[in-house]
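Inside the fold
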Amino acid sequence: MGMRAQTFAPEETIQKSPSSWSILGKELIKDKMAMISLVFLALFLIVIYGSIFFIDQEAVTKVDLTSIKAPPSADHWLGTDRAGSDIFGQVMIGARNSITIAFAITIFAAVIGLSIGLIAGFFGGIVDNIIMRFIDFILVLPFLMLVIVFVTIVPKYNIWSFIFIMTAFLWVGKARLIRAKVLAERELDYVQASKTLGTPNWKIIAFGILPNLSSIVIVNMTLNLAGNIGIETGLSFLGFGLPQSTPSLGTIVSNATDPDILQNYWWMWLPASLLILVLILAINFVGQALKRATDARQRLG
Amino acid sequence: MALLELNNLKVHYPIRGGFFQRVVSHVKAVDGLSIQIEAGKTYGLVGESGCGKTTTGRAIIGLNKITEGNVTFEGQDLTKIAHKNQHSLRRDIQMIFQDPYSSLNGRKRVLDIIAEPLRNFENLTKEEERRRVQDLLEKVGLNPEAAFKYPHEFSGGQRQRIGIARALTLNPKLIIADEPVSALDVSVQAQVLNFMKEIQKEFNLTYLFISHDLGIVRHMCDEIGIMYRGRLVEQGNTEDIYENPQHVYTKRLISAIPNIDPGQRQASTQARQHILSSYQQDLNNLLDPEGKPLALKSISSSHQVALP
Amino acid sequence: MWKFTLRRILIMIPQLFVLSVLIFLLAKAMPGDALTGAMQANPNVSPQVLAEQREKLGLNDPAWQQYGRWVGNLVQGDLGKSYVHKIGVADLIGSRLANTFYLGVAILVLTYLISIPLGILSGRYQNSLLDKTITGYTYLSFATPLFIFALLILFVFGFQLGWFPTSGSVDVGIDPGSGSYYANKFYHLILPAIAGALVSTTATIQYLRNEVIDTRLKDFVKTARSKGVPESKVYSKHILRNSLLPIAAFLGYDLTGVLAGNLFIESIFGYPGLGQLFLQSITQRDYSVVTILVMLSGLLALIGTLLSDIILSWVDPRIRIG
Amino acid sequence: MNTESVLEIRDLTVAFRIKDEYYPAVDQLNLTINKNEVLAIVGESGCGKSALALSLTRLHDSKNTRIEGELLFKGQDLNTLSPGQMNKIRGSEIGMIFQDPLTALNPLMTIGKQIEENLDYHTSLSRKEKTKRVIELLENVNIVDPKRVYAQYPHELSGGMRQRIMIAIAIACRPSLIIADEPTTALDVTIQSQILDLLKQLQAENDAGIVLITHDLGVVAEMADRVVVMYAGEIVEIADVNELFNNPKHPYTRSLLASMPGANVGQESLHVIEGRVPSLQNIPRGSCRFSERIPWIPQTHHAEHPELNEVAPQHWVRCTCYQNFHFEDEVGDGKEIVLNGIAGTQ
């Protein structure tokens, strides 16, 4: 790169701009897997959110002793579980819950992480020092264990408690990333120039620096969304995720903790597992394509 | 009265270390610098990397914190003005940056870049704003249509002119130019230098021209200060410095300028060797116990040297 | 060197303090106290006796006094008592630690054995078929949640094919200490270790690949080539060392992480280690064990960062000065 | 002067791949480098000088670069050698010095080791002898306290010292050709002059030919015996250094000289070259490549297929446009340069 950039420096830099969404879009279209993933995700979201209108949670979770552990059939596309409830319906509802909650956590963590990262990185000094010490501390905490403890000791545990505790841990990664980027960005002359031109700090942060970080934030949020689905379903699998009243894909997979079910009733855990896998994979494909777009070095030829 | 006067300016950075990041010592980037710049002139601040010239420029415009000393601009001491009022005063001082690539925000249109100071200081309608920007673009020799393009569509030289247009927006009196052409190719350098001279006449600008390139400084400047370890070792007009350098450090700098006449190669190499040996012998006598240059002494009305 | 290490340890002290306060507060927030377990054992104890007991144990003292006592006990090695298992927490943890350690070491060794060569090859032959295959693998393993991968691997190799045991750390009835005992333990280790390692290789492979690609373009590599250093040596002497440097930064974490236990792997493979102990204790509300396990994990992570910093200052001459 | 040649470049084309096409950055270049001479290759960024320098030892990334033509070094064509054979020549017969001495040294290896590495692959010295030779080399490049520096790491040295180390690496095996790619660009002026003096002194001691790649005509005037001016992948002028500075012919050479502040002391404004260096894809191949930068010179003054012509002994100039060239604001063939400021800036 160094050598080539040097050789045709003048015009090369003119033609290749690091700017804007069009590169992100182009990279997505170029990458077939990412494109397929995107279409799949769009369709899937439509289906699961559309299913609100014709899948009734009451009916799905109803105990039906006449059809316990029934294999897939026309009535029950993915069979039934130990209580005779329809697995397909559970998967639809579980997927909807898992995605919605992962989304909420991602957004909250991003908003908090972004704000704190921007402030710490831009102002530096004591503020930055204190924030970074705090972040370093949270990072050494045993995250999963503390979430599990929290889940068991919170008196009125509900979805919001879960979102809260997850966000409390997950914003730090984002804040660190953003801070590092801002630290580099604020040394660039355009930020210095804005200062000398009398632009107030909040404007420099919001309209100067933030747009230059937008692609990184988007990429990071996409990858985090996938990660958060994994963490949520994992915790639900262990029995310390979403509350009982809110079924998750992980809850369905936890049927497999019974060796008998794991071995003999594949429909009770395998479809949900594969769905988690495919979902995360698809989101990651999109995320990786976006990441390549922001990193010129890795861009597809 | 000088337009800008630096009086015993000091900029020290703390070095932290030891337990709990206490301040253990200071980097004295600028350590007692006094200069005066007359209106309409170009003052060249010259020195090698690490001598504190860039820090000086940034301190004047408020990007670095001043540890001690005064910066007097048009009779007002900038270091004594409340932070709030500094902005309005600083519209008279603007800066041109070294790197034409990083100094323009790639996400903004040229219009937004040049209009940034207008939006901070003046209340214009969109229409007035656009007209002002396009006027400026024409002044710096660019097509008014350029306002609606993004920085990456321009070459290095053009981008540097956009940076200059931005600095000119508020009709400043003083422009601090920090190595404005060192990132550019020779032919483009010439373009920007010519242009800076043009607008100086047109807008009656005063320049503080910071550079390591003695050839360019000679071309551009009326007064020159040679900086070493945060202080001046010599100050004078262009003739004083280039024809009659007194301090051994100045002599060494001047002798290091490559001689463009290959015929005199032998002679200049010998002269350089000669100066180097006297530099090695004499320099320590010309520094105070802290290793800093001594105070300046006048040897003529225009020429001061840090000699004992 | 000593000064640096000492400074790093001193920085750890306030962190350790905050960690212990946090965990103490969590412990206080857990339902029940030291007597709840005793009460379960003997439901006939009168409330009055309980109240007296509470007073005696100092459970009515101000929080900071209780904290002081708690920390004092911890420092002296008194980790409290498990009311489910009726033995000291230290002994309980001790009985599980070995298993967790074996599993941790197996995962760590496998992870590095797989990821370092793959990362290097992938970076060196960027965009080749090999690289694309390895990158494809990292995409997959990055996207696969550990618990799903573990379930699948257990289902296929444990249940369907029956190649490996599906639960426990050793079969019952084998004489401990004998050769076949260790062989059997090893046999039980294989599947969980592979499950853990294959998922945890991702980060290292991707990181190393990027490092190699970056380093390959550095000027000093050009210098090495200009000296006539053969290509294989350019890699082994210049590119690899510089690429592996950032990996060393994670090593400390990984080393102490060996003892931390793995919740998912241990629970899915029914492997009796600290992770499983934690999950059992929390379901059985055995909070004295839970508290100590959380504290242990936090402590390990703190020591891990310390180790990482020290290792990095060993291997990078630029840090050695500071 | 000894005119025995070290390297003969014949019809060298160095093409880079952009997307799926190759674009020559160096185009059918012919050049001879003699023993015991400093040959400067000068031009602005984008002229192909660095591409040329790296191609001489084939250090380009072979996946994206195509090198055609002959590189006759002591009778053998470097361009046909296997990588193994090429490695035997790199570092022993041909030494290289790069622009940025900070990034050009391995941060994790001691200075001693980095110089020694060169000896490892090209000599059969014992460990002791190698150490001795490295210390000797450090002394040769005027490093004070070489024993201490031997065990130090690059970050512990100043920029000027690092460049001395680079030079020590380049000359470790007494090469007959040294390629120096912008060796002083990253350094302060006083350090620059010291490094140039060092190079001169070393050349006087050995018999090496030096190829000096630079954008700085001042450095050329100080160092070079012979000068090659490149523009857009081609040589536009070759001459002895005195001849070039006293009697520049090609419009590009003249323009470059006129735009230098140091060479035009007392001038109110400097000459500006119109337009910009074309990018690799946009080089006007097949006609005079500089013509679009001097549009006031009629097309008829350019040769249809511009060739290098010997206009005086050992003075070669490409194209015919130099014959009637005048700057835009010169009247006819006048010598006085009258520039009118802003007109020149656009």
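Keep in mind that this is a model prediction, so the values were computed, not measured.

Concerning the overall build of chain B
- Helix and strand content of chain B: 10 helices and 12 strands.
- Referenced to the eigenvectors of the C-alpha coordinate spread, the extents of chain B come out at roughly 65 × 55 × 45 Å.
- Taking all 308 residues of chain B together, 57% fall into the buried category.
- Summed over its atoms, the accessible surface of chain B is roughly 12700 Å², and 46% of this surface lies on carbon and sulfur atoms.

A look at the interface of chain B and chain D
- With 43 residues of chain B at the contact, the number on the chain D side is 43 residues.
- Around 3500 Å² of area is buried between chain B and chain D when both sides are counted, 53% of it from carbon and sulfur atoms.
- Summed over the three residues of chain B that lose the most area to chain D, namely Val-186, Ile-260 and Arg-265 of chain B, the buried surface amounts to 19% of that side.
- For the pair chain B and chain D, the interface holds 4 salt bridges.

A short note on the packing of helix α7 (residues 146-160) of chain C against helix α8 (residues 179-216) of chain C
Residues and elements named next belong to chain C.
- At their nearest, the axes of α7 and α8 sit 10 Å apart, and the two run at 140° to each other. With respect to each other, α7 and α8 are oriented oblique. For the pair α7 and α8, the crossing hand works out as right-handed. Judged by residue contacts, Leu-146, Phe-149, Ala-150, Ile-153, Leu-154, Phe-157 and Gly-158 of α7 engage Leu-191, Ile-194, Ala-195, Gly-196, Leu-198 and Val-199 from α8.
- Tallied by class, residues from the contact of α7 with α8 come to 11 nonpolar, 2 polar and no charged.

Here's the deal with the domain arrangement of chain B
Residue and element names in this part refer to chain B.
- One can read the domain layout of chain B as domain 1 (4-221) and domain 2 (238-308).
- Each of domain 1 and domain 2 has a C-alpha centre, and these two points are 29 Å apart.
- Domain 1 puts 7 residues into the contact, and the matching count from domain 2 is 9 residues.
- Note on domain 1 versus domain 2: buried area summed over both sides is about 820 Å², and carbon and sulfur give 51% of it.
- Sorting the residues of domain 1 by area buried against domain 2 places Glu-48, Leu-214 and Arg-218 first, and these three jointly supply 62% of that buried surface.
- Taken together, domain 1 and domain 2 are joined by 3 salt bridges.
- Between domain 1 and domain 2 we count 7 residue pairs in polar contact (both at pLDDT 80 or more) in total.
- By residue number, the principal contributor to the side of domain 1 that touches domain 2 is helix α7 (residues 214-220), which donates 3 residues.

A word on empty space enclosed by the protein
- In this structure the tally under the stated criterion is 6 cavities of 30 Å³ or more.
- In this structure, the largest cavity occupies an estimated 40 Å³ of space.
- When contributions to the lining of the largest cavity are tallied by element, the ones reaching two or more residues are α10 (189-196) of chain A together with α3 (110-121) of chain B.

Things to note about the interface of chain C and chain A
- Residue-level contacts link 45 residues of chain C with 38 residues of chain A.
- A combined buried area of about 3900 Å² lies between chain C and chain A, and 79% of that area is made up of carbon and sulfur atoms.
- Linking chain C with chain A are 0 salt bridges.
- Connecting chain C to chain A are 0 residue pairs in polar contact (both at pLDDT 80 or more).
- For the side of chain C that touches chain A, the secondary structure elements donating two or more residues are α1 (2-29), α6 (129-143), α7, α8, α11 (263-268), α12 (274-283) and α13 (287-315) of chain C.
- Taken together, the residues of the side of chain C that touches chain A break down into 33 nonpolar, 10 polar and 2 charged.

Examining the sheet that holds strand β12 (residues 304-305) of chain B
All names here are of chain B.
- Sheet architecture is open: 8 strands sit in the order β6-β7-β8-β3-β9-β10-β12-β11, paired in mixed fashion. Among the strands making up the open sheet, the edge pair consists of β6 (93-96) and β11 (297-298).
- Bridge analysis of β6 against strand β7 (residues 174-178) gives 4 bridges, and the strand direction is parallel. Looking at the pairing, Gln-94 lines up with Ile-175 of β7.

Here we look at the pairing of strand β9 (residues 226-231) of chain D
Residue and element names in this part refer to chain D.
- Counted residue by residue, β9 has 6 buried out of 6 residues, so it is predominantly covered.
- Alternating residues of β9 divide into Arg-226, Val-228 and Met-230 and Val-227, Val-229 and Tyr-231, and every residue in both groups is buried.
- Judged from the 4 bridges that link them, strand β3 (residues 38-42) and β9 form a sheet pairing that is parallel. Within β9, the position partnered with Ala-40 by the bridge is Val-227.

Here's the deal with α3 of chain B
- Where burial is concerned, most of α3 of chain B is hidden: 9 out of the 12 residues are buried.
- Buried within α3 of chain B we find Val-110, Leu-111, Asp-112, Ile-113, Ile-114, Ala-115, Glu-116, Pro-117 and Leu-118 of chain B.
- Next to the buried residues of α3 of chain B lie α10 of chain A together with α4 (126-139) and α5 (156-168) of chain B.

Observations regarding the side chain of Asp-27 of chain D
Residues and elements named next belong to chain D.
- Structurally, the position occupied by Asp-27 is in strand β2 (residues 21-34).
- At 3.1 Å, the side chain of Asp-27 and the side chain of Arg-285 are in polar contact.
- With residues up to four places along the chain from it excluded, the contact list for Asp-27 reads Leu-12, Thr-13, Gly-233, Glu-234, Arg-285 and Arg-289.

Brief notes about the environment of His-238 of chain C
- Mapped onto the fold, His-238 of chain C is located in helix α10 (residues 231-257).
- By relative accessible area, which is 1% here, His-238 of chain C ends up buried.
- Note: C-alpha distance between His-238 of chain C and Arg-216 of chain C (22 residues apart in sequence) is 8.9 Å.
- Non-local contacts of His-238 of chain C, meaning those with residues more than four positions away in its chain, are made with Phe-220, Ala-224 and Lys-233 of chain C together with Asn-106, Met-109 and Glu-117 of chain D.
- Within the local environment of His-238 of chain C, its side chain forms a polar contact with the side chain of Glu-117 of chain D, the two groups lying 2.7 Å apart.

Thresholds, definitions, all that
Residues numbered from 1 in each chain as written. Chains lettered and ligands numbered in written order. Predicted model: local features only at pLDDT ≥ 70, side-chain atom pairs only at ≥ 80, totals over all residues. Heavy atoms only, no water. Helix = DSSP H or I, 4+ residues; strand = E, 2+ residues; numbered from the N terminus. Buried < 20%, exposed > 50% of the residue type's maximum accessible area, 1.4 Å probe, protein only. Areas by Shrake-Rupley, 256 points an atom, 1.4 Å probe, with all protein chains shown as cover. Contact = heavy atoms within 4.5 Å. Buried area = accessible area lost by both parts, 1.4 Å probe. Salt bridge = Lys/Arg side-chain N within 4 Å of Asp/Glu carboxyl O. Axes fitted to C-alpha atoms, helices over the stretch in contact; angles between N-to-C directions. Parallel < 35°, antiparallel > 145°, perpendicular 65-115°, else oblique. Left-handed = near helix turned anticlockwise from the far one by under 90°. Nonpolar A, V, L, I, M, F, W, Y, C, P; charged D, E, K, R; others polar. Domains from an automatic or database assignment. Polar contact = N/O pair within 3.5 Å; in protein donor to acceptor, adjacent residues only side chain to side chain. 1 Å grid on protein atoms, 1.4 Å probe; cavity = no way out; pocket = protein on both sides within 12 Å on 5 of 7 lines; lining within 4 Å. Points joined across faces, edges and corners; volume = space filled by probe spheres on them. Pairing = 2+ DSSP bridges.

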